[in-house]
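Summary of structural features
Letter by letter, the chains look like this.
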Amino acid sequence: MSRSLQGVLLQLVALALFVTMDALLKVLVASHAVPQLMFVRFVFHTLLVMAALKLLTSKVPFRSRAPGLQTLRSLCLATANAALSVALIHIPLADATAVAFAAPVLTVALAAVWLGEKVSPRRWLGCAIGFAGVLVALRPPFLTGEALHWAMLLPLVTAVANTVYQLLTRKLAAVDEPHTTFVHTSIAAAVVTGLAQPFVWETPAAADWPLFAALGLLGGAGHCLLVLAFARAPASVLAPMSYTQLLWAGLAGVLVFGDWPDGWTALGAGIIAAGGILVALPERRPR
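Now for a look at the structure at hand. Starting afresh in each chain, residues are numbered from 1 along the sequence in its written order. Predicted model: local features are reported for residues with pLDDT of at least 70 only, side-chain atom pairs are reported and counted for 80 or more only, and whole-chain, interface and lining totals are derived from all residues. Excluded from the side-chain calculation are hydrogens and water; included are all heavy atoms of the structure.

Attention now moves to the overall build of the chain. When you go through the chain residue by residue, the secondary structure sums to 15 helices and zero strands. In summary, the chain has a C-alpha radius of gyration of 19 Å against a globular reference of 19 Å for 287 residues, a match within 12%. Each principal axis of the C-alpha atoms in the chain carries an extent, and together these give about 50 × 50 × 30 Å. Exposure classes here rest on a 1.4 Å probe applied to the protein chains alone. A residue is buried below 20% of its type maximum, exposed above 50%, and partly exposed in between. Of all 287 residues assigned to the chain, the portion counted as buried reaches 50%. Strands here are runs of E lasting at least two residues and helices are runs of H or I lasting at least four, both read from the DSSP assignment and numbered beginning at the N terminus. Note that the radius of gyration is over C-alpha atoms, with the globule rule given as 2.2 Å times the number of residues to the power 0.38.

Shown next, in the form of structure tokens:
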């Protein structure tokens, strides 16, 4: 199995974990403050990753060759999670996920500009199609004649933050060992969200603690797999695979919340997926 294929498979598993985490998050934001949920999620994430590394490798590698980039990457994760968490209070999971899929489009484009990865004209066309799908999923007034719900803009913040996060993951793969990036993924995010706890903390019921721990476990495992994926495959190859998350988010929305995607969401997701497939098709090798 090629390293690129390994990276794709690792990312697909990570995406399934992220959708499960987002569904659980949507359940919890109905009764808990977003900063509190983020804090416990990142604390459990950090503790679980450290415990796993200590158990499996007998060490926890804190020292990074690029601590500034590691901190920035962690803060991007916090920003993405904060925007999505607030959005999920107001809009369905499938809608938020569809709009947030500006991220793979941005990732492919910025991978060419920032990381110097080669992107063919066909993949640029796929990016353009994907971005058009994101615009449709946003339900702009010039298409629907209805006012745009302000919460629909928050997944765009998530998309931008996730784009920088993924590109930093790829960049750090050439600087630090994956285990070091595992450790740093949630540390800065936990510190920043911890600053808000004196203003929002409410003691959870005993039954909520396993759910909080599950947020950390799903997030920690997903991001560890994502680091391994970006260490094996280029960002421009992995980004289109993110479109599979649209299917799982739609399914979770129906099964867990009874939210059936409306016509605009379905149309936008279909256009996004078409663009993703165009980008994901392998390049022809010269004979």
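What follows deals with helix α14 (residues 244–257). A helix is expected to span 1.5 Å multiplied by its residue count minus one. Compared with the 20 Å implied by 1.5 Å per residue over 14 residues, the 20 Å span of α14 between its first and last C-alpha is a close match. Listed in full, the buried residues belonging to α14 are Gln245, Leu246, Ala249, Gly250, Ala252, Gly253 and Val254. Of the residues trailing α14, Gly258 is marked for its positive phi of about 70 degrees.

Tracing the chain through its elements places Pro140 in the loop between α6 (121–137) and α7 (141–144). C-alpha separation for the pair Pro140 and Val86, spaced 54 residues apart in sequence, amounts to 20 Å.

We now examine empty space enclosed by the protein. Summary: where empty space remains is shown by rolling a probe the size of a single water molecule over the atoms. The distinction between a cavity and a pocket rests on a 1 Å grid over the protein atoms alone: a 1.4 Å probe fits inside a cavity but cannot get out, while a pocket stays open yet meets protein on both sides within 12 Å along at least five of seven lines, and a residue with an atom within 4 Å of a point counts as lining. Grid points are joined across faces, edges and corners, and a volume is the space filled by probe spheres set on the points. For the structure shown, the criterion picks out three cavities of 30 Å³ or more. Looking at the largest cavity, its volume works out to about 400 Å³. Along the walls of the largest cavity sit 23 residues, with Phe18, Asp22, Thr158, Asn162 and Gln245 positioned nearest its centre. Of all the elements in the fold, those that place two or more residues in the lining of the largest cavity are α1 (3–28), α3 (67–90), α4 (93–100), α5 (102–114), α8 (154–172) and α12 (208–230).

All right, on to unusual backbone geometry then. Located in the positive-phi region is Ser58, a residue other than glycine, with phi close to 70 degrees. Taking relative accessible area as the criterion, Ser58 reaches 55% and is therefore assigned exposed.

A few words now on the packing of helix α2 (residues 34–57) against α12. Only the stretch in contact is used when fitting a helix axis, every axis being a line fitted to C-alpha atoms; angles between N-to-C directions are given from 0 to 180 degrees. Their axes nearest at 7 Å, the elements α2 and α12 cross at an angle of 60 degrees. Between α2 and α12, the crossing angle belongs to the class labelled oblique. Along this stretch, α2 crosses α12, giving a crossing that reads as right-handed. From α2, Leu37, Val40, Arg41, Phe44, His45, Leu48 and Val49 reach across to α12, where they touch Trp209, Phe212, Ala213, Leu215, Gly216, Leu217, Gly219, Gly220, His223 and Cys224. Here the angle decides the label: under 35 degrees means roughly parallel, over 145 means roughly antiparallel, 65 to 115 means roughly perpendicular, and every other value means oblique. Helix crossings are classified by the rotation of the near helix relative to the far one: an anticlockwise turn of less than a right angle makes the crossing left-handed, while a clockwise turn makes it right-handed. Residue contacts are counted whenever heavy atoms from the two residues lie within 4.5 Å of one another.

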